[in-house]
Amino acid sequence: MLALRSLAFNICFYALTTVLAVAGLPTLVSGRAVMRLAYLWGRITLWLLQTVAGTRVEFRGLDNIPPGPMLVAAKHQSALETLALCTVLPNFAYILKRELLFIPLIGWYLSRSGMVAIDRSKGARAMSLMNAAAVEAIRQGRRLIIFPEGTRRSVGAPPAYKQGLSHLYTALHVPCLPVALNTGLFWSRNSLVRRSGTAIIEFLPIIPPGLPRQEFQVLVQDRLEAASSALADGARHGLDAAAHPVPDAESTPFRSRR
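Notes on the structure follow. (Residues numbered from 1 in each chain as written. Predicted model: local features only at pLDDT ≥ 70, side-chain atom pairs only at ≥ 80, totals over all residues. Heavy atoms only, no water.)

**Let's talk about the side chain of S166**
Mapping S166 onto the fold places it in helix α6 (residues 164–172). With a relative accessible area of 0%, S166 lands in the buried category. At 3.1 Å, the side chain of S166 and the backbone oxygen of Q163 are in polar contact. A distance of 3.1 Å separates the side chain of S166 from the side chain of Q217, its partner in a polar contact. Ignoring any residue separated from it by four or fewer positions in sequence, one finds S166 in contact with R213, F216 and Q217. (Helix = DSSP H or I, 4+ residues; strand = E, 2+ residues; numbered from the N terminus. Buried < 20%, exposed > 50% of the residue type's maximum accessible area, 1.4 Å probe, protein only. Polar contact = N/O pair within 3.5 Å; in protein donor to acceptor, adjacent residues only side chain to side chain. Contact = heavy atoms within 4.5 Å.)

In structure tokens, the structure reads:
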């Protein structure tokens, strides 16, 4: 049953994404229209995920989201949080690698909606170019979303935080909103299996601007790792009880500092 529901969802998801990518081409005339399309894509996907695969996404700590521009530091375990955050953070902008802009159709939407692309081929200049684009995004009142570890990581993997987050925090002078989650247990980064249950995305209390860079780096990592580990522990019990345990290849138990 798990395999069949996963297959059915994946067919629906990729069909939906293809249809919206083609039918939504007229929205490329406006960045705001593209953002509305992204919201629609996210909402329909979450509905399909719950209806077809039996996976519900629960958002916690929504009251912790402040108004106005901010830096959003989210754990990254799967594609699920990428689309889910589109539905609860209006006027968002992702920091992403420049290569994604060259994906047919998808790259057009990313470019038109004002995502902040990092050109790693620029070497040392990449950081200053990212800075300039990030400053402009904040000036426009955007919620700038960054994955501090730079790529998707398996649930429980030892933390591998980059310096880009603390660099932006120091440069932008805006609050940072940490986002913990356990989505990788339900939508794996290396598998087409979609496990039923409740995936949780939790917005933690904001970290105000102005902290010393290294103090901020340690604080945000400790908060994210502790909260994400707690969410994963709770979800594992439910998955085990439902006879949907997560293979070791998809989850590496790890305990952060408390």
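What follows picks up the thread again.
**Let's talk about the sheet that holds strand β3 (residues 92–97)**
The mixed open sheet is built from 7 strands, whose spatial order is β1-β7-β6-β2-β5-β3-β4. At either end of the open sheet lies a strand with only one pairing partner, and these are β1 (55–60) and β4 (116–118). Across the sheet, the mean angle separating the axes of adjacent strands is 20° when strand polarity is ignored. Summarising the sheet, β3 and strand β5 (residues 143–146) pair through 3 bridges and their orientation is parallel. When the bridges of β5 are listed, A93 appears paired with L144. Strand contacts of helix α2 (residues 31–53): β1 and β3, with the helix running at about 125° to β1, the strand carrying the most contacts. In the packing of helix α5 (residues 125–139) onto the sheet, contacts are made with β2 (70–74), β3, β4 and β5, and the angle to β4 comes to roughly 175°. (Pairing = 2+ DSSP bridges. Axes fitted to C-alpha atoms, helices over the stretch in contact; angles between N-to-C directions.)

Everything listed here is a matter of coordinates, which is why it stays silent on function.
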